[in-house]
Amino acid sequence: MAKDPEHVHMEHDHMTIPKYLGVFAVLVVGTILTYWVATIDLDFIFPGANTLVALLIAFTKMACVMLFFMHVYWSPKLIWLAVVASFFWMAIMFAFTMADYFTRATGVFTT
Amino acid sequence: MQSADVIGSGFSETPKLNYLTNGTTLKSWLLTKDHKRIAIMYLISVSVFFLMGGIYAATIRLELLTPASDLLETGTYNKVFTQHGILMIFFFLIPSIPAVLGNFLLPIMIGAKDLALPRINLLSLYLYWLGGAIALYGLMQGGVDTGWTFYTPYSTTFSNSYVLAVGVGIFINGFSSILTGLNFIVTIHTMRAPGMTWFRLPLFVWAMYAVSLVMILGTPVVAITVLLVAIERVARVGIFDPAIGGDPILFQHMFWFYSHPAVYIMVLPGMGVVSELISNFSRKKIFGYEFIAFSSIAIAVFGFLVWGHHMFVSGQSIYASMVFSFLTMVVAIPSAIKMFNWTATLYKGSIDFSTPMLYGLGFMGLFLIGGLTGLYLGAIGLTVHLTDTYYVVSHFHYVMVGGQVVAYLGGLHYWWPKMTGKMYSEFWGKTSAMLVFVGFNLTFFPQLILGYMGMPRRYAAYPPEMQVLNIFSTAGASVLGIGMLMPVVYLLHSLVYGKPAGDNPWRLPGLEWRTSSPPPTENFEKMPVVTWEAYEFGEDNGLDLEEDRRRDLAPVG
Amino acid sequence: MSAHASDKFVYHEPGLQHQFEDMKQQEESVSIGMWLFLAQEIMFFGGLFTAYLVYRSRYPMAFAAASNHLDAFWGGLNTLVLIVSSLTMALTVYYAQKSNRNMQVIMIILTMIFGAVFLGVKGIEYTDKYHHGLVPMAGLNQRVKADKNAHHETEKPCWEVDRNAPPAVHPNPRGEFLWTDCSLAKLAQDENILTPSERFGYYSGGQIDIEKFKGIVRIFYYLYFVMTGLHALHMIIGLGLMTWLLWTAWKGNYNSEYYMPVEMSGLYWHFVDIVWIFLFPLLYLLGRHFNH
Ligand SMILES: [Cu+2]
């Protein structure tokens with residue numbers, strides 16, 4: 001079978017070196033930011049605010065890596081589905097396990 | 001009638017080169033990338049594990065013939081039922097239908113030359129062998145006595161048996177299962193023949209898709225859980241250790257996150273096989289195709305939300321238990337949808353009571369009991385009485401043996417002519433199907449009553465007043481055992497002495513019946529183009545029911 | 001035409017396997033397969049994150065205290081190292097698409113170097129934990145003989161910790177897991193932010209029990225070693241993959257028409273990077289704001 005001239009690879013020409021460097025810069029800034037913000041006590045906002053901020057930054061970084069380094073942004077819907085489904089399933093595991101721990105009568109037996 | 005010539009006449013010669021004759025050296029088998037050969041190797045391997053698990057089962061039933069623990073010491077008894085469970089669940093039930101029938105038929109059913117990733121398929125077989133070998137090593141060395149559930153802290157801290165080796169075996173075997181599921185999903189997405197749309201797929205393929213989802217999303221969790229148990233045994237410290245503030249119930253959460261959906265890994269493929277059997281042997285388009293297809297997916301998804309029903313009495317929060325109990329009831333709905341649709345398919349069908357159909361009908365009866373008893377166990381109050389009794393044992397055997405194993409045998413008989421090109425003896429086939437059904441009920445129905453009376457599971461001894469029902473159960477187990485051993489004999493016999501089956505012995509429209517028996521290495525002589533809907537019987541499709549009847553009356557040469 | 005027997009003689013695009021009709025089908029299959037594998041990996045690490053979530057939410061103070069003994073500098077540096085390696089990996093794919101063999105090879109080598117640096121730093125950190133008695137498995141820590149001449153310190157409550165004092169060397173003849181500081185439990189008690197599990201999990205007879213607190217800290221370090229250990233194992237597998245990729249790229253196997261293996265290895269490498277992106281804040285940074 002001869003090569004199909006119409007045949008285009010899906011990732012071609014979406015990313016350029018400046019764009020890669022731009023994503024890289026965002027990741028570096030995110031890392032430094034998360035390092036710095038962890039030293040500030042954010043508990044005055046609400047308890048656990050530090051964790052929330054750290055996770056938000058981590059999710060942003062992950063999104064950058066996935067969308068641009070892993071080319072998910074230009075990938076077929078099925079790939080998106082696989083990504084979303086695996087995080088959704090992990091969330092199921094978290095949610096139903098924690099549903100037990102958050103409603104357990106811990107401390108009843110303490111004196 | 002344009003497709004009439006595609007469908008096998010039932011008298012065609014076996015083609016000169018099929019997948020069995022294309023290379024006969026041991027190397028050509030061990031290094032094959034042909035999904036059909038891999039399926040055959042799986043078939044042999046799971047049969048060996050099934051036999052070993054069966055021997056353990058026979059030992060258990062023999063011990064329970066008398067109230068005292070006289071045949072086995074209690075410690076030995078613990079090992080026997082543990083090993084029965086481990087071999088049957090991890091090395092037989094989970095791989096059986098997907099890795100044997102799925103591997104063989106999925107590519108053929110969708111009109112592909114092979115699975116999308118044949119090398120991964122072979123790797124998955126080798127992982128299965130490696131995992132099995134390591135687990136067997138553990139059993140040879142002295143075995144495990146934790147129960148197949150490996151509950152901590154007994155398994156991590158106290159058990160003096162070979163948990164580590166068996167755990168590593170299960171860990172490795174898990175990746176075999178993951179890779180099989182991964183391969184199936186990729187194949188169904190990318191390898192369908194022209195015209196094979198999603199809603200023309202046989203329902204067996206839908207079931208394989210659903211089960212693959214569970215394998216990919218569930219199995220890694222049990223892998224990491226078993227790994228944590230193994231590390232904890234080596235390090236003598238770990239997160240499940242209450243001595244340092246760890247929570248053994250977390251182990252149960254992680255274990256059942258996989259192991260409840262694993263029940264659906266076992267039974268969903270069975271449902272897929274039965275959908276094929278019921279429709280094809282009723283000579284009728286299946287009733288509610290979309291409902292059956294989507295109920296498989298619904299079972300796969302909802303099956304992940306109910307695992308806490310195994311932990312009602314283990315210290316889980318009562319509020320979580322209520323949620324899990326409710327969702328357990330919900331997951332019964334898609335299973336019921338399937339039952340109703342099968343029944344509706346039978347209605348006014350032209351039912352052919354061949355061996356596979358007998359197994360299929362047996363499945364419907366046994367799975368019904370298995371499913372309904374499951375609702376009792378999912379009820380949060382009633383389960384306090386029934387937990388850890390023979391009621392539970394009987395319930396899951398109704399689902400796993402009555403459901404999965406019966407469907408597996410039905411599927412094996414159904415596709416045996418395709419896989420080997422030979423027809424087995426119908427008489428012996430029907431006899432064994434009946435023996436399995438009768439023997440099974442005789443074994444496990446008394447156990448429902450015993451459990452309701454309060455006989456606890458996992459004990460070698462029981463009160464003398466329970467002996468009568470236990471004798472019934474053991475007697476039934478012998479019948480069941482004979483019924484299950486018979487196919488080994490007459491199927492192997494058919495390999496040599498069986499009549500050539502022809503390409504389409506059941507005269508059915510599915511793609512797998514439009515290639516030769518046994519199929520050639522690349523499955524089809526040329527790329528098939530699908531122009532018909534699933535389960536479409538009728539003249540247009542070259543399947544004339546009148547013609548069928550005439551032929552049934554005529555003596556077959 | 002019977003394609004089967006004569007398959008060997010039918011022209012195939014280089015790298016096209018027999019079960020596929022064309023390259024597009026093969027690429028699609030391989031890429032879906034890889035993503036499903038990554039989905040599997042997510043659930044694999046998901047089990048560990050569940051365990052982490054459970055204990056972290058039950059015992060936040062013990063986890064914070066334990067985390068503060070990890071060196072966030074090394075952790076942060078390693079994050080940066082992995083991000084750089086992710087960039088070079090992404091560029092490997094980019095140059096493969098551009099059929100630039102030399103740059104591919106350079107980028108793969110750079111990726112491998114950064115991967116190795118990451119593992120080296122991890123080694124430094126593990127050694128440090130060994131010296132400080134923070135390996136959860138008993139007997140695996142540095143053994144320190146009891147010094148007979150040392151003057152007996154007056155018994156202080158475990159929450160009175162002098163942060164400016166030089167780190168004390170505790171005798172540890174059997175290489176046990178060591179932990180003496182429960183100040184964060186005391187802090188939470190004073191500020192009345194103890195969780196119900198903590199009230200149960202740190203106290204014996206109404207007093208903070210350092211042994212109980214130590215148990216939870218030990219769980220943290222157990223999770224730390226398992227999580228980073230499995231991550232490091234993935235890194236090692238990734239380095240193996242890179243070695244193979246280097247060899248095949250050196251031979252010039254990849255060009256704009258065929259670069260699937262490069263891209264798939266890239267997906268794996270980025271995934272391992274993503275795991276670390278979460279491990280870093282969850283393990284290293286969670287208690288630092290208590291140190292102000
Ligand atoms: Cu269940």
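Just so it is clear, the model here is predicted, and its values are computed rather than measured.

A closer look at the overall build of chain A
- Regarding its fold elements, chain A presents three helices and zero strands.
- Every one of the 111 residues in chain A was classed for burial, and the buried ones make up 38%.
- A fraction of 50% describes how many contacts in chain A between residues 6 or more apart in sequence connect residues 24 or more apart.
- Summing over all exposed atoms, chain A offers an accessible surface of approximately 6,100 Å²; the carbon and sulfur share of this is 76%.

Notes on the overall build of chain C
- Of regular secondary structure, chain C possesses eight helices and two strands.
- Walking chain C from its N terminus toward its C terminus, one meets helices and strands in the order α-α-α-α-α-α-β-β-α-α.
- Taking 19 Å as the expected radius of gyration for a compact globule of 292 residues, we find that chain C reaches 25 Å, considerably beyond that expectation.
- Expressed as lengths along the three principal axes of its C-alpha atoms, the size of chain C is roughly 90 × 40 × 35 Å.
- Across the 292 residues in chain C, those meeting the buried criterion constitute 56%.
- Once local pairs closer than 6 in sequence are excluded, the contacts in chain C between residues at least 24 apart make up 79%.
- On chain C, roughly 12,400 Å² of surface is accessible, and the fraction owed to carbon and sulfur atoms is 61%.
- Counting 21 positive and 25 negative side-chain charges, chain C places the centres of these two groups 7 Å from one another.

Describing the pattern of salt bridges
- Per the stated rule, a full pass over the model turns up twelve salt bridges over all chains.
- Ionic pairing is found between Asp34(B) and Lys36(B), a salt bridge with its closest N-O pair at 3.1 Å.
- Assessed through its relative accessible area of 0%, Lys36(B) is described here as buried.
- Lys122(C) is the salt-bridge partner of Glu125(C), the closest N and O atoms lying 3.1 Å from each other. Here Lys122(C) and Glu125(C) lie together in helix α4 (residues 101–131), a separation of three residues that amounts to about one turn.
- Judged by relative accessible area, Lys122(C) falls into the buried class, the value being 2%.
- What emerges from the salt-bridge pattern is a single network uniting Asp100(A), Arg104(A), Asp247(B) and Arg58(C).

Details of helix α1 (residues 23–58) of chain C
Residue and element names in this part refer to chain C.
- The terminal C-alpha atoms of α1 lie 52 Å apart, and with 36 residues this matches the ideal 52 Å at 1.5 Å per residue to within 8%.
- Most pronounced at Gly46, the bend in α1 amounts to some 25 degrees.
- For α1, the tally of buried residues reaches 30 of 36 residues, placing the bulk of the element in the interior.

Description of the domain arrangement of chain A
Residue and element names in this part refer to chain A.
- Assigned domains within chain A: domain 1 (1–75) and domain 2 (76–111).
- Both faces considered, domain 1 and domain 2 share a buried interface measuring about 530 Å² in area, 84% of it formed by carbon and sulfur atoms.
- Interface area lost by domain 1 to domain 2 is led by Met66, Val72 and Ser75, which between them contribute 68%.
- On inspection of domain 1 and its partner domain 2, the count reaches zero salt bridges.
- Taken together, the connections running from domain 1 to domain 2 amount to two residue pairs in polar contact (both at pLDDT 80 or more).

Brief notes about the interface of chain A and chain B
- Taken together, the contact pairs twelve residues of chain A with 20 residues of chain B.
- At the boundary of chain A with chain B, total buried surface from both sides reaches about 1,400 Å², with 76% on carbon and sulfur atoms.
- Considering only the surface of chain A that becomes buried against chain B, Trp89(A), Met93(A) and Phe96(A) emerge as the three largest contributors, covering 43% of it.
- Linking chain A to chain B there are one salt bridge.
- At the junction of chain A with chain B, the criterion picks out seven residue pairs in polar contact (both at pLDDT 80 or more).

Overview of the coordination of the copper ion
All names here are of chain B.
- Here the copper ion is held by the protein donor atoms His260 (ND1), His309 (NE2) and His310 (NE2), which lie 1.8 to 2.0 Å from it.
- Along the chain, the residues donating to the copper ion fall in the pattern H-x48-H-H.
- His310 sits in the partly exposed class, given a relative accessible area of 29%.

What about a nonpolar patch on the surface?
Residues and elements named next belong to chain B.
- On the surface, a nonpolar cluster with roughly 920 Å² of combined accessible area is contributed by Leu51, Ile55, Leu485, Val488, Val489, Leu492, Leu495, Val496 and Tyr497.
- Mapped by element, the contributors of at least two residues to the nonpolar patch are α2 (35–63) and α15 (467–497).
- If you trace the backbone, Leu485 turns up in helix α15.

Thoughts on empty space enclosed by the protein
All names here are of chain B.
- All chains considered together, the criterion is met by eight cavities of 30 Å³ or more.
- When its volume is computed, the largest cavity comes out at roughly 160 Å³.
- Looking at the largest cavity, it is lined by 18 residues, and the ones nearest its centre are Pro202, Gly510, Leu511, Ala534 and Tyr535.
- Class assignment of the residues belonging to the lining of the largest cavity gives a composition of twelve nonpolar, two polar and four charged.
- Reported here for the second largest cavity is a volume of approximately 80 Å³.

Some remarks on the packing of aromatic side chains
- Enumeration according to the criterion identifies 70 aromatic pairs over all chains in this entry.
- Considering the side-chain rings of Phe50(B) and Phe92(B), the 4.2 Å spacing of their centres and the 25 degrees angle between planes classify their relative orientation as stacked. In this pair, Phe50(B) sits in helix α2 while Phe92(B) sits in helix α3 (residues 74–110), placing the two residues 42 residues apart along the sequence.
- Taking 4.6 Å as the distance between ring centres and 45 degrees as the angle between the ring planes, the aromatic pair formed by Tyr414(B) and Trp415(B) counts as tilted. An identical accessibility class is assigned to Tyr414(B) and Trp415(B); each is buried.
- Residue placement shows Arg37(B) over the ring face of Trp29(B); its charged tip is 4.2 Å from the ring centre.
- Against the face of Trp250(C) rests Arg101(C), its NZ or CZ located 4.8 Å from the ring centre.

Description of the interface of chain C and chain A
- Contacts between chain C and chain A engage 62 residues on the former and 56 residues on the latter.
- Taken together, the two surfaces of chain C and chain A that pack against each other cover about 5,200 Å², and 75% of this comes from carbon and sulfur.
- On inspection of chain C and its partner chain A, the count reaches zero salt bridges.
- Seen at the junction of chain C and chain A, the total is two residue pairs in polar contact (both at pLDDT 80 or more).
- Elements that contribute at least two residues to the side of chain C that touches chain A include exactly α1, α3 (72–97), α6 (196–201) and α8 (260–284) of chain C.
- Per-element accounting of the side of chain C that touches chain A gives the leading share, 19 residues, to α1(C).
- For the side of chain C that touches chain A, a count of residues per class yields 35 nonpolar, 14 polar and 13 charged.

Section: helix α14 (residues 426–453) of chain B
- Along its 28 residues, α14(B) runs 41 Å from first to last C-alpha, staying within 8% of the 40 Å computed at 1.5 Å per residue.
- Following α14(B) by one or two positions, Gly454(B) has its phi on the positive side, about 110 degrees.

Looking at the side chain of Ser29(C)
- With respect to the helices, strands and loops of the structure, Ser29(C) is situated in helix α1.
- Among the residues examined, Ser29(C) registers a relative accessible area of 0% and is labelled buried.
- Not counting the four nearest positions on each side in its chain, Ser29(C) is found in contact with Ala116(B), Val186(B), Thr190(B), Met191(B) and Phe20(C).

Observations concerning unusual backbone geometry
Residues and elements named next belong to chain B.
- Residue Thr152 is joined to Pro153 through a cis peptide bond whose omega torsion reads 0 degrees.
- Relative to the helices and strands, Pro153 is located in the loop between α4 (118–141) and α5 (154–158).
- Cis geometry marks the peptide bond from Ser517 to Pro518, where omega comes out at -10 degrees.
- The backbone of Asp388 sits at a positive phi, close to 60 degrees, despite the residue not being glycine.
- Here Asp388 lies in the loop between α12 (382–386) and α13 (390–420).
- At Tyr535, a residue that is not glycine, the phi angle is positive and equals roughly 55 degrees.
- Considering the arrangement of structural elements, one finds Tyr535 in the loop between β2 (499–500) and α16 (545–553).

The rules behind the values
Residues numbered from 1 in each chain as written. Chains lettered and ligands numbered in written order. Predicted model: local features only at pLDDT ≥ 70, side-chain atom pairs only at ≥ 80, totals over all residues. Heavy atoms only, no water. Helix = DSSP H or I, 4+ residues; strand = E, 2+ residues; numbered from the N terminus. Buried < 20%, exposed > 50% of the residue type's maximum accessible area, 1.4 Å probe, protein only. Contact = heavy atoms within 4.5 Å. Areas by Shrake-Rupley, 256 points an atom, 1.4 Å probe, with all protein chains shown as cover. Rg over C-alpha atoms; globule rule 2.2 N^0.38 Å. Lys, Arg positive; Asp, Glu negative; His and termini not counted. Charge placed at Lys NZ, Arg CZ, Asp CG, Glu CD. Salt bridge = Lys/Arg side-chain N within 4 Å of Asp/Glu carboxyl O. Expected span 1.5 Å × (residues − 1). Bend = angle between axes of the 7 residues up to and from the residue. Domains from an automatic or database assignment. Buried area = accessible area lost by both parts, 1.4 Å probe. Polar contact = N/O pair within 3.5 Å; in protein donor to acceptor, adjacent residues only side chain to side chain. Donors = N, O, S within 2.8 Å, 3.2 Å for Na, K, Ca; no water. Patch = residues over 30% accessible without salt bridge, like charges linked within 9 Å, V, L, I, M, F, W, Y side chains within 5 Å. 1 Å grid on protein atoms, 1.4 Å probe; cavity = no way out; pocket = protein on both sides within 12 Å on 5 of 7 lines; lining within 4 Å. Points joined across faces, edges and corners; volume = space filled by probe spheres on them. Nonpolar A, V, L, I, M, F, W, Y, C, P; charged D, E, K, R; others polar. Phe/Tyr/Trp six-rings, centres within 6.5 Å; stacked < 30°, edge-to-face > 60°. Lys NZ or Arg CZ within 6 Å of the ring centre and 35° of its normal.

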